[in-house]
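Observations on the three-dimensional arrangement
Given next are the chains, with one letter for each unit.
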Amino acid sequence: MNLSVNLDENINYLKENMPLNDSFDLMSRPLKLGRTRAFFLGINGFCKTEILQRIFSDLQDPLYMQDDWVENIADYVNSKIGYAQTSLTDSWDTVFRSVLSGPAALFIDGFSQAVLIDARTYPTRSMSEPDLEKTTKGARDGFVETLLLNANLIRRRVRTPQLCFAMHSVGNESRTDVAIAYLKNTVNRELLQKLSDTIDALEVTSLTMDSKSLEELLLPKHWWNPLPNIQMTERPDVACSYLEEGHILILVDNSPLVLILPCSIFQFTQSPDDYYNSPAVGTYFRLVRFLCIPVSLLLMPLFLLLAAYFPDFSLEIGLLSEAASPHRVFLYVLAVEFLLDLFKHASALSSGKFSGSLSLISGLIIGDIAVSLNWASVEVLFYAAVTLLATLSISGTEFADGLRIYRILLILATGFFGLPGFLVSLALILLSIATTPTFGGFSYLWPLFPFNKKALGRLLFRSPTPKAQPTTIWSRGKINATKKR
């Protein structure tokens, strides 16, 4: 529906569709621009008061306003409002969406267009280093819950005219701002078009969990694929490095998480510390993290398999101090797995002042009592501790949680069915990893499959900076056709 040239009709329509008299944060008041009647609408807290005060102070100053009547709204805006970005619209839907997003609206009698004044500001927390992506060196800033500020953090690092932020709106009620960031000269145009079409076609009420909700809407996950299929980061330097390599970033308002497309399993093994250290040190720790993946997944199931079903061999190689029944070893492993998850969850939810000491004291006390009461053995606690350290060494927490689900499946299959259960469940896990869906249909195992020797070498080994420049955008093949939902 379009605006009317009659100001009273526009004011009545506003009162019918917005709670102007009921909601305390809606600012509205009639104005006089010379002799021309006007009406202002904005949201308290979303508008920069100083800029609006300066604008309307000038518009109502007789020395500044030479004409009593507004005759041409476009010329009037261009010549009289110089402190903020402005635009004209004749659509009520655009007016409501803009005002609820932050810009103020000015209605002038005699014109069927409203002036949108973009003098918005949002309440935001100060920038700090993300807790889950800490580094020993490097930048200490991180994304926050304000989309515009996050875009500024990216623009500050990538100062090229090729950088583009395409804005979209998702949610029939929330109308959450979603920005797609890409470099025009390196982006996969086909993937970009598919992403834009998918976001525009989303029919949802709101993005309840912001970036996480959008991730599940873009690419619904199956229960048999617990690994993440879209990478997220809160670090601007990480996001910009992927942007320079031809990836696409998705920024969601109210969320500090930035989505990175496309995605492969090897992206979750990278860490900014690799590039803040020397190439030799960075390569070493990168290979250590790669080793932590099979250790986190297979150490406990292999221990259970050997200790429960091959006790003589376990005693011979020193895996156990004394033989135990298969059922008891299975019970020990399950109990310790539960305790590990309990420690991790309690530490994550407790205050930072107590989480470290809480985990340490709980581990010592519960571990000692568990051994005394025959709820666990010293060997199980040792291998569980190694598994926990390997899991915590993996840079991607969501990826590590997915491995935990796979490990529990391996433990259950091994405990109930022995060697056949271990082999069958391991084969199913490898199949699940290989078939993890990605946006655009690219291989989740790229560059291992399809094989790309140079790209795989860059992922396994930290190259010196002169050779690590993103001069080559690796091709991953063609994207799959859009599937109907």
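Residues numbered from 1 in each chain as written. Predicted model: local features only at pLDDT ≥ 70, side-chain atom pairs only at ≥ 80, totals over all residues. Heavy atoms only, no water.

The next subject is empty space enclosed by the protein. Summed over the entire model, instances satisfying the criterion amount to one cavity of 30 Å³ or more. Of the pockets and cavities examined, the largest cavity occupies roughly 30 Å³. Leu-340, Asp-341, Leu-388, Thr-391, Arg-404 and Arg-407 are the residues that line the largest cavity. Listing elements by their share of the lining of the largest cavity, those giving two or more residues are helix H12 (326-349), helix H14 (378-393) and helix H15 (397-434). When grouped by side-chain class, the residues that make up the lining of the largest cavity number two nonpolar, one polar and three charged. (1 Å grid on protein atoms, 1.4 Å probe; cavity = no way out; pocket = protein on both sides within 12 Å on 5 of 7 lines; lining within 4 Å. Points joined across faces, edges and corners; volume = space filled by probe spheres on them. Helix = DSSP H or I, 4+ residues; strand = E, 2+ residues; numbered from the N terminus. Nonpolar A, V, L, I, M, F, W, Y, C, P; charged D, E, K, R; others polar.)

Here we come to unusual backbone geometry. The omega angle of the peptide bond from Leu-261 to Pro-262 is -10°, so this bond is cis rather than trans. With respect to the helices and strands, Pro-262 occurs in the loop between strand S10 (258-261) and helix H9 (273-276). Between Trp-446 and Pro-447 the backbone carries a cis peptide bond, its omega angle lying at 5°. Counting through the fold element by element, Pro-447 comes out in the loop between H15 and helix H16 (453-460).

Attention shifts here to the pattern of salt bridges. Close approach of charged atoms allows side chains with opposite charge to pair. Per the stated rule, a full pass over the model turns up 17 salt bridges. Lys-212 is the partner of Glu-215 in a salt bridge, and the nearest nitrogen-oxygen pair spans 2.9 Å. Highlighted residues: Glu-215 and Lys-212, both in helix H7 (residues 211-218), separated by three residues, approximately one helical turn. What makes Lys-212 partly exposed here is its relative accessible area of 27%. The salt bridge partner of Lys-212 is Glu-398, with a shortest N-O separation of 2.8 Å. You can see Lys-212 sitting in helix H7 and its partner Glu-398 sitting in helix H15, a full 186 residues away along the chain. For Glu-398, a relative accessible area of 27% translates into the label partly exposed. Each of Glu-129, Arg-140, Arg-235 and Asp-237 takes part in one network of salt bridges that share partners. (Salt bridge = Lys/Arg side-chain N within 4 Å of Asp/Glu carboxyl O. Buried < 20%, exposed > 50% of the residue type's maximum accessible area, 1.4 Å probe, protein only.)

Right, let's talk about the layout of surface pockets for a bit. A volume near 880 Å³ is recorded for the second largest pocket. As for the second largest pocket, its lining consists of 28 residues, of which Asp-118, Arg-120, Leu-148, Met-167 and Asp-177 are closest to the centre.

Chain-level pLDDT for the protein is 86 on average; 90% of the residues reach the 70-or-more range. Averaged over each element, pLDDT in the protein is lowest for helix H13 (residues 352-372) (59) and highest for strand S9 (residues 248-252) (96). (pLDDT = per-residue confidence, 0-100.)

Turning next to the pairing of strand S4 (residues 104-108). Burial analysis of S4 places five of its five residues in the buried class, which makes it a mostly covered element. Residues of S4 alternate between two faces, with Ala-104, Leu-106 and Ile-108 on one and Ala-105 and Phe-107 on the opposite face, all of them buried. Pairing of strand S2 (residues 36-43) with S4, which is carried by four bridges, proceeds in the antiparallel orientation. By the bridge assignment, Leu-41 is partnered in S4 with Ala-105. As defined by bridge partners, S4 adjoins strand S5 (residues 114-118) across four bridges and the pair is classed as antiparallel. Its bridge partner lying in S5, Ala-104 is registered against Ile-117. (Pairing = 2+ DSSP bridges.)

What follows is about a nonpolar patch on the surface. A cluster of nonpolar side chains, contributed by Tyr-309, Phe-310, Phe-313, Ile-317, Leu-419 and Leu-423, occupies part of the molecular surface with about 540 Å² of accessible area. Here Leu-419 lies in helix H15. On the basis of relative accessible area, Leu-419 is assigned to the partly exposed category, the value being 37%. (Patch = residues over 30% accessible without salt bridge, like charges linked within 9 Å, V, L, I, M, F, W, Y side chains within 5 Å. Areas by Shrake-Rupley, 256 points an atom, 1.4 Å probe, with all protein chains shown as cover.)

Okay, the packing of helix H5 (residues 147-157) against helix H8 (residues 236-244) next. As a packed pair, H5 and H8 sit with axes 10 Å apart at the nearest point and diverge in direction by 60°. As far as their axial angle goes, H8 and H5 are oblique. Handedness of the crossing formed by H5 with H8: right-handed. Contacts between H5 and H8 involve Leu-153, Ile-154 and Arg-157 from the first element and Pro-236, Asp-237, Cys-240 and Leu-243 from the second. Counted by class, the contact of H5 with H8 contains five nonpolar, no polar and two charged residues. (Axes fitted to C-alpha atoms, helices over the stretch in contact; angles between N-to-C directions. Parallel < 35°, antiparallel > 145°, perpendicular 65-115°, else oblique. Left-handed = near helix turned anticlockwise from the far one by under 90°. Contact = heavy atoms within 4.5 Å.)

Next up on the list: the side chain of Ser-264. Tracing the backbone shows Ser-264 in the loop between S10 and H9. Among the polar contacts made by the side chain of Ser-264, one reaches the main-chain carbonyl oxygen of Trp-446 at a distance of 3.3 Å. (Polar contact = N/O pair within 3.5 Å; in protein donor to acceptor, adjacent residues only side chain to side chain.)

Here we take up the sheet that holds strand S1 (residues 26-33). For sheets, the rule is that strands pair by backbone hydrogen bonds, running either parallel or antiparallel. Strand order in this open sheet of five strands is S1-S2-S4-S5-S3, and the pairing throughout is antiparallel. Of all the strands in the sheet, just S1 and strand S3 (85-89) have a single pairing partner and so form its edges. Between one strand axis and the next, the sheet turns through 20° on average, direction left out of account. Across five bridges, S3 lies against S5 in antiparallel orientation. What sits directly across from Gln-85, in S5, is Asp-118. Here helix H1 (residues 7-17) sits on the sheet in contact with S2 and S4, set at roughly 20° to S2. Packing of helix H2 (residues 49-59) onto the sheet brings it into contact with S1, S2, S4 and S5, and relative to S5 it is tilted by some 140°.

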